Amino acid sequence: ELKVEQNPLFLSMQEGKNYTIYCNYSTTSDRLYWYRQDPGKSLESLFVLLSNGAVKQEGRLMASLDTKARLSTLHITAAVHDLSATYFCAVDIPNRDDKIIFGKGTRLHILP
Amino acid sequence: NAGVTQTPKFRILKIGQSMTLQCTQDMNHNYMYWYRQDPGMGLKLIYYSVGAGITDKGEVPNGYNVSRSTTEDFPLRLELAAPSQTSVYFCASRPPGGGNQPQHFGDGTRLSIL
């Protein structure tokens, strides 16, 4: 059974600092997704990572995928308050394209 | 494109009442999903469908029913509402073939059972 674990689950950080959120998964998969959820809102797709070594960047966020280590990272550079949100990673079940397993989410609070 | 549309946005039910949460998508996506999200928690899959006429249980199906008579619509029915079903419900869809594409989410239905 595929399990997806994120850490940390809660993170409070100061503006201007760098930090990394980690997403580990338990079985082989080469398709991983990052979503953002603002308080009281829906989930918005941020990144789609489809192969080992994939790296995607959008503004101060950069996501990468290491399928051999079964690890994805979401790196935040010089954090700003607007990035405060909950970030979810999700992984496709191997050999199936109908179900995605979500991590529990990382609640990020960036202090001004 | 409207994307994934959920109605209603908010609803308060009394214990024992029933209701249907509506979800429709206009992107011709085969795959559709219902999740619930309790306060401060992650997503739990209730039911999903890979096409019209096909549905399958997710992680927490008890107390819910679904149907999929068309590609566009995937309603979720609550029978005999219970306080434990107080949650935010999200519908999502995914393109044909699924893989390599993220899910697209509706805005959610906030449901309180009193």
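Above: the structure in question.
Here the structure is a predicted model, which means the values were calculated and not measured. (Residues numbered from 1 in each chain as written. Chains lettered and ligands numbered in written order. Predicted model: local features only at pLDDT ≥ 70, side-chain atom pairs only at ≥ 80, totals over all residues. Heavy atoms only, no water.)

A. Inspection of the pattern of salt bridges at higher detail. According to the stated counting rule, one finds 6 salt bridges over all chains in the structure shown. For Arg36(A), the salt bridge goes to Asp38(A), with nearest N and O atoms at 2.9 Å. (Salt bridge = Lys/Arg side-chain N within 4 Å of Asp/Glu carboxyl O.)

B. Structural detail: the state of the cysteines. Taken as a whole and assessed by the stated rule, the structure comprises 2 disulfides over all chains. Cys23(A) shares a disulfide with Cys89(A); S-S distance 2.0 Å. Disulfide Cys23(A) to Cys89(A): torsion about the S-S bond roughly 80°, handedness right-handed. Separated by 66 residues along the polypeptide, Cys23(A) in strand 3 (residues 19-25) and Cys89(A) in strand 9 (residues 85-92) bring together distant segments of the chain. Each member of the pair, Cys23(A) as well as Cys89(A), carries the same accessibility label: buried. Two residues share a disulfide in this structure: Cys23(B) and Cys91(B), whose sulfurs sit 1.9 Å from each other. (Disulfide = S-S within 2.5 Å. Helix = DSSP H or I, 4+ residues; strand = E, 2+ residues; numbered from the N terminus. Buried < 20%, exposed > 50% of the residue type's maximum accessible area, 1.4 Å probe, protein only.)

C. Geometry of the sheet that holds strand 6 (residues 55-58) of chain A. Residue and element names in this part refer to chain A. Taken in spatial order, the 5 strands make up an open sheet running 1-3-8-7-6, and their pairing is antiparallel. Both edges of this open sheet fall to strand 1 (4-7) and strand 6, since each of them pairs with a single strand only. Taking each pair of neighbouring strands and ignoring which way they run, the sheet shows an average axis angle of 15°. Pairing analysis gives 4 bridges linking strand 1 to strand 3, with the strands arranged antiparallel. Paired with valine 4 across the strands is tyrosine 25, a residue of strand 3. (Pairing = 2+ DSSP bridges. Axes fitted to C-alpha atoms, helices over the stretch in contact; angles between N-to-C directions.)

D. A look at the environment of Asn95(A). Along the chain, the position of Asn95(A) falls in the loop between strand 9 and strand 10 (100-102). On a C-alpha basis, the gap between Asn95(A) and Ala85(A) in space is 31 Å, while along the polypeptide they are 10 residues apart.

E. Representation of the interface of chain B and chain A. Between chain B and chain A, the contact holds 24 residues from the first and 21 residues from the second. Across the chain B/chain A interface, buried area totals approximately 1,700 Å², and carbon plus sulfur atoms make up 52% of it. In this structure, the connection of chain B to chain A is made through 1 salt bridge. Two residues, Arg94(B) and Asp92(A), come together in a salt bridge whose shortest N-O distance is 2.8 Å. Seen at the junction of chain B and chain A, the total is 8 residue pairs in polar contact (both at pLDDT 80 or more). Elements supplying a minimum of two residues to the side of chain B that touches chain A: strand 4 (31-37), strand 5 (43-51) and strand 9 (87-94) of chain B. (Contact = heavy atoms within 4.5 Å. Buried area = accessible area lost by both parts, 1.4 Å probe. Polar contact = N/O pair within 3.5 Å; in protein donor to acceptor, adjacent residues only side chain to side chain.)

F. Geometry of the sheet that holds strand 1 (residues 4-7) of chain B. Residues and elements named next belong to chain B. Taken together, the 4 strands give an open sheet; going across it, the order is 1-3-8-7, and neighbouring strands pair in antiparallel fashion. Two strands in the sheet have a free side with no partner beyond their single neighbour: strand 1 and strand 7 (64-66). Pairwise comparison of adjacent strand axes, ignoring direction, gives a mean angle of 20° for this sheet. Sheet topology note: the strand 3 (residues 19-25)/strand 8 (residues 76-78) ladder contains 3 bridges and is antiparallel. Within strand 8, the residue paired with threonine 20 across the bridge is arginine 77.

G. Fine view of the environment of Met13(A). Residue and element names in this part refer to chain A. Along the polypeptide, methionine 13 turns up in strand 2 (residues 10-14). In sequence terms methionine 13 and glycine 105 are 92 residues apart; their C-alpha atoms lie 16 Å from each other. Methionine 13 has contacts with Asn18, Tyr19, Ala79, Leu108, His109, Ile110 and Leu111, leaving out every residue within four places of it along the chain.

H. Focus on the side chain of Ser72(A). Residues and elements named next belong to chain A. In this structure, serine 72 sits in strand 8 (residues 71-76). One polar contact links the side chain of serine 72 to the main-chain carbonyl oxygen of serine 64, over a distance of 2.6 Å. Ignoring anything within four residues of it in the chain, the contact list for serine 72 reads Ile21, Tyr22, Cys23, Leu32, Trp34, Leu49, Ser64 and Leu65.

I. Spotlight on the pairing of strand 7 (residues 61-66) of chain A. All names here are of chain A. Side-chain alternation along strand 7 places Leu61, Ala63 and Leu65 on a buried face and Met62, Ser64 and Asp66 on a face that remains uncovered. In terms of strand pairing, strand 6 meets strand 7 through 4 bridges, oriented antiparallel. Paired with glutamine 57 across the two strands is methionine 62, which belongs to strand 7. Adjacent in sequence and paired antiparallel, strand 6 and strand 7 are bridged by 2 residues, among which glycine 59 carries a positive phi angle near 65°. Judged from the 6 bridges that link them, strand 7 and strand 8 form a sheet pairing that is antiparallel. Within the sheet, the bridge partner assigned to serine 64 lies in strand 8 and is threonine 73.

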